Every structure is written in structure tokens, then in C-alpha cells.
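What the coordinates show
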Amino acid sequence: MATANAAWGIEIGAFAVKALRLERVGDEVEVSDYAVIPHKRVLCTPDINVSEVVRMTLGQLISQKQLDDELIVMSIQGHSSLVRFAKLPPVEPKKIPDIVKFEAVQQIPFPIDEVEWDYQVFQDEDSPEVEVGLFAVTREKIAELLGLYGEVGLSPEVFTLSPLALFNAMHHDFKLHNETNPVVFIDIGTTATDVVIAQGDRCWIRTFPIGGNHFTAAIADAFKISHAKAERLKQEAHTSKYAKQIMQSMRGVFRDLLGDLQRSLGYFANTHPDTPLTDMVGVGSTFRIPGLRKFIGMQLEVQVQRLDEFRRIRVQGKGAAGFAEHNVNLATAYGLALQGIGLECISANLVPRTIRREQLWRRKTKWFVAAAAVAVAAGGVTFIRPISEGAAIGELPSVVNSAVKDANA
């Protein structure tokens, strides 16, 4: 994949399009621009044309930001993808790709020619043990997304999974490269939750279908109100005079979320028995629900922090307040942009290879055209210069004509 000194990371969430532009300065990064544009209606609202809503929101983004000739990295939601982890037998490094392909055929529950897939090898320098992460999406889903984004003029050079982008962001922001103790990141999105367990340069991922919209639906059902009104009640729960009733209406979703979290962490504990999970960080605006973080912490008997700001990127000046308000929802876009500028830890790319070759050719074509223009200009100068110089001399002075006659004689 081509990398650049600047890149846009764009996440199409169910509630909004979130975009972040990073510029690389050495091994550090700076935020040069960002945008959070809510959809006209939440994408999980019944009976809406999702594609049309996304087109409209992306149209707003394109009209507000200059995206031409920019490197763009976009995400695929965790619940639309497949993630598997497998341990490989000790083999020579040159044989790993063949072993990985064999594992992919075994682990991916679709014919291998019907998916786009990539992998990452995890291996400690002092250990012969090799683990591989397999990441796959059906080609049908990729074609659907590329077609939708192409309609508004976007051609992402990288597609990666949202939980991988979250891992890349947190790996960079928390400086996890040499961290031996695992950190659990719980990203509660609108429709699903990603559990990302990061340990140094390795990660483990599980996604389950419970998200912020389930809390909204529970409120709407309990109060017999519309989805939009229930969403406002959820956001205002901490100040509402109906706070107690709101919390009671969401109790069942609290339990379901906790149950899936316990199953996810229990599975990891069974496969990694010597790795205690004591550090947890909540990501996403759903963690602003009063009591949710405390409830999870008490039930799991751990301290759960909430990601309220990033450690290594910030915005100065007039945009600082807006960025501080939205950064809890920009973690995925952060990781996407990091991959665009080459500072990711996991570099999976699910854009089909044929599309990548076309994009590479288009970039080269621009250089060919520029080089040809320079060559034509240089050739023109070489041809025109003698003529222009001759014209500049004009009529020869009489003394020169006289000398020429004497010379001829």
C-alpha cells in the first residue's frame, strides 16, 4: 500500500460519518482537519434507504472538505466481517504464506474465492511460536461499499476492519509497543460492540450485536415514544427528572451486554490462562450513559476507565472545543488515518488487488502526463530558441556587410 505524509480516515457509523485527517511529522502526528457529520436519520431506523442517507452525508463531507488527490482509508464494521486467530506450527518464514492460506481455507466459512482476506503474523523475537490473525469480508460486501462510495467520487485505497483501526489507534495513543500487560478496549457502537484486547503488538478481537441502539429501543418501548425522542432521553438521562425510570428501562440491555462481555473475556482467558485482564477502557458515546461504566466494573471486578481524550493528538485554536466534544467517537477514524501515513501496527487491506492496481496506474498516469508536458515544453524551447534569437538580431549593421564583402573578395 502506498503511504503518504497525510491521509484521511473515514468511518461510516450508524449515527454519523466521522473523518479525521492526520499529517505525519517524523514519528509523530498532527491533526490537520476533522469532521463529524450526523446522518439525517440513524441508519438502523426501520424503513429507511440506508444507501441514500449515506450518499447524502458523504456528499456533505465532500462539499465541506477537499478530498481530491488525498489518500483515503475507510473502515468496514466488525459485525460485517470475519476475524479468526490461529497458531501455526513452527516453520521456515518463507513457508508461512502457504500455511496461512491453508488455515484461511479451514477457518473462513465461505469459499476462499468469494472473500477478500488478509492476515497478520504475530511472533515474539524470543519465541518460536507463531500466531496469525485472519481478516475477511465477502467480495459481495466489498463491491457494494465500493459502488456506493464511488457514486459520490470516493475511491478508498485501503479498507480495513473497524476493530483493527481501533487497535491501531490505541496502540499508538497508549504507546503499547512494549506493554506486557493486556488492555481491554470495549467499543460500544450504535449496533454492535467490539472487544479488542491489546497486548504489545498483538491483539484479539470479538464483536457481538449489542450497541447503543438497543438502549434506545428499550427506552422507546418502555415509554411508548418514537426512536428519535428515546435517543434524546438516553442522551439526557443524567439530568432528566425521569432518570430512575430511564435506567430501569435499560436494565435488560445492561444484563445482555454484560453477558456477552463475560463470554468474550472468558473465552480469551481460557485460551490465554496466564494473562489476567485487569485494565479496561470504554470507547464510544454509549459509555456516557449514567452508571454503565460503574455497572460493568462492579460485575467484572475491575476498574473501567472511559476514553474522554486522546493522549498523542489534539487540536489547537478555535476547533479545540469541537474536537474535544467529538474525540470519544473518533478513535476508529484515528486508526484509519494512522494506517494511511504508515504508522499502523496491523496493516490489513481488503481492497481487491485489481482495484489497487487500477489506483496505482491512475497515480502513475498523472506523473506520466506531467512528465510528458515537461518534455514537450523543453522540446519546444529547443526548437523555438534559434528562431527567436535570429529574429532578435534583425538587420545586420552596414559595417558587418562591408566586412563580409571584403572577406569574399
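Overview of the structure. (Residues numbered from 1 in each chain as written. Predicted model: local features only at pLDDT ≥ 70, side-chain atom pairs only at ≥ 80, totals over all residues. Heavy atoms only, no water.)

**What about the sheet that holds strand 5 (residues 82-88)?**
Pairing is antiparallel in the open sheet, where three strands are placed in the order 5-7-6. Only two strands of the sheet have a single partner each, and these edge strands are strand 5 and strand 6 (115-122). In this sheet, adjacent strand axes meet at a mean angle of 20° when their direction is disregarded. Against the sheet, helix 2 (residues 96-107) engages strand 5, strand 6 and strand 7 (130-138), with an angle of about 130° to strand 5. (Pairing = 2+ DSSP bridges. Helix = DSSP H or I, 4+ residues; strand = E, 2+ residues; numbered from the N terminus. Axes fitted to C-alpha atoms, helices over the stretch in contact; angles between N-to-C directions. Contact = heavy atoms within 4.5 Å.)

**What to know about the packing of aromatic side chains**
Under the counting rule described, the total for this entry stands at 11 aromatic pairs. Judged by centre distance (6.1 Å) and plane angle (55°), the ring pair of tyrosine 149 and phenylalanine 159 falls under tilted. With tyrosine 149 in helix 3 (residues 139-151) and phenylalanine 159 in strand 8 (residues 158-161), this pair connects stretches of sequence that are 10 residues apart. Residue classification places phenylalanine 159 among the buried positions, given a relative accessible area of 0%. Centroid distance phenylalanine 310 to phenylalanine 323: 6.4 Å. Interplanar angle 50°. Geometry classified as tilted. Remark: phenylalanine 323 occurs in helix 10 (residues 320-326) and phenylalanine 310 occurs in the loop between strand 13 (303-306) and helix 10; sequence separation between them is 13 residues. Taken together, the ring pairs in this structure connect Tyr34, Phe310, Phe323 and Tyr334 into an aromatic cluster. (Phe/Tyr/Trp six-rings, centres within 6.5 Å; stacked < 30°, edge-to-face > 60°. Buried < 20%, exposed > 50% of the residue type's maximum accessible area, 1.4 Å probe, protein only.)

**Some thoughts on the side chain of glutamate 11**
Within the secondary structure layout, glutamate 11 lies in strand 1 (residues 6-12). Other than its neighbours up to four places away in sequence, glutamate 11 contacts Ala16, Val17, Lys18, Ser75, Ser162, Asn329, Thr332 and Leu336.

**Here's the deal with the pairing of strand 11 (residues 202-208)**
Within strand 11, five of the seven residues are buried, leaving the element largely enclosed by the surrounding structure. Here strand 10 (residues 193-199) runs beside strand 11; their pairing, made up of seven bridges, is antiparallel. Among the inter-strand pairings, aspartate 194 is bridged to a residue of strand 11, identified as threonine 207. In this antiparallel pair of consecutive strands, strand 10 and strand 11, the connection spans two residues, and glycine 200 shows a positive phi of 60°.

**Regarding the sheet that holds strand 4 (residues 72-76)**
The mixed open sheet is built from five strands, whose spatial order is 3-2-1-4-8. Among the strands making up the open sheet, the edge pair consists of strand 3 (28-38) and strand 8. Averaged over all pairs of adjacent strands, the angle between their axes in this sheet comes to 25°, without regard to strand direction. Here three bridges tie strand 1 to strand 4, and the two strands are oriented parallel to one another. Note that in strand 4 the partner of glycine 9 across the bridge is valine 73. Its contacts with the sheet put helix 1 (residues 50-64) on strand 1, strand 2 (16-25) and strand 3, and the angle it makes with strand 3 is roughly 135°. Contacts from helix 3 reach strand 1, strand 4 and strand 8 within the one sheet, and its direction differs from that of strand 8 by about 130°.

**Topic: helix 6 (residues 227-235)**
Note that an α-helix has 3.6 residues per turn; residues three or four places apart therefore point the same way. Turning to helix 6, its buried residues are Ala230, Glu231, Leu233 and Lys234. In a view along the axis of helix 6, the buried residues occupy a sector of 160°, so they form one face of it. Check the buried side of helix 6 and you find it contacts helix 5 (212-223) and helix 7 (243-249). (Arc of directions from axis to C-beta.)

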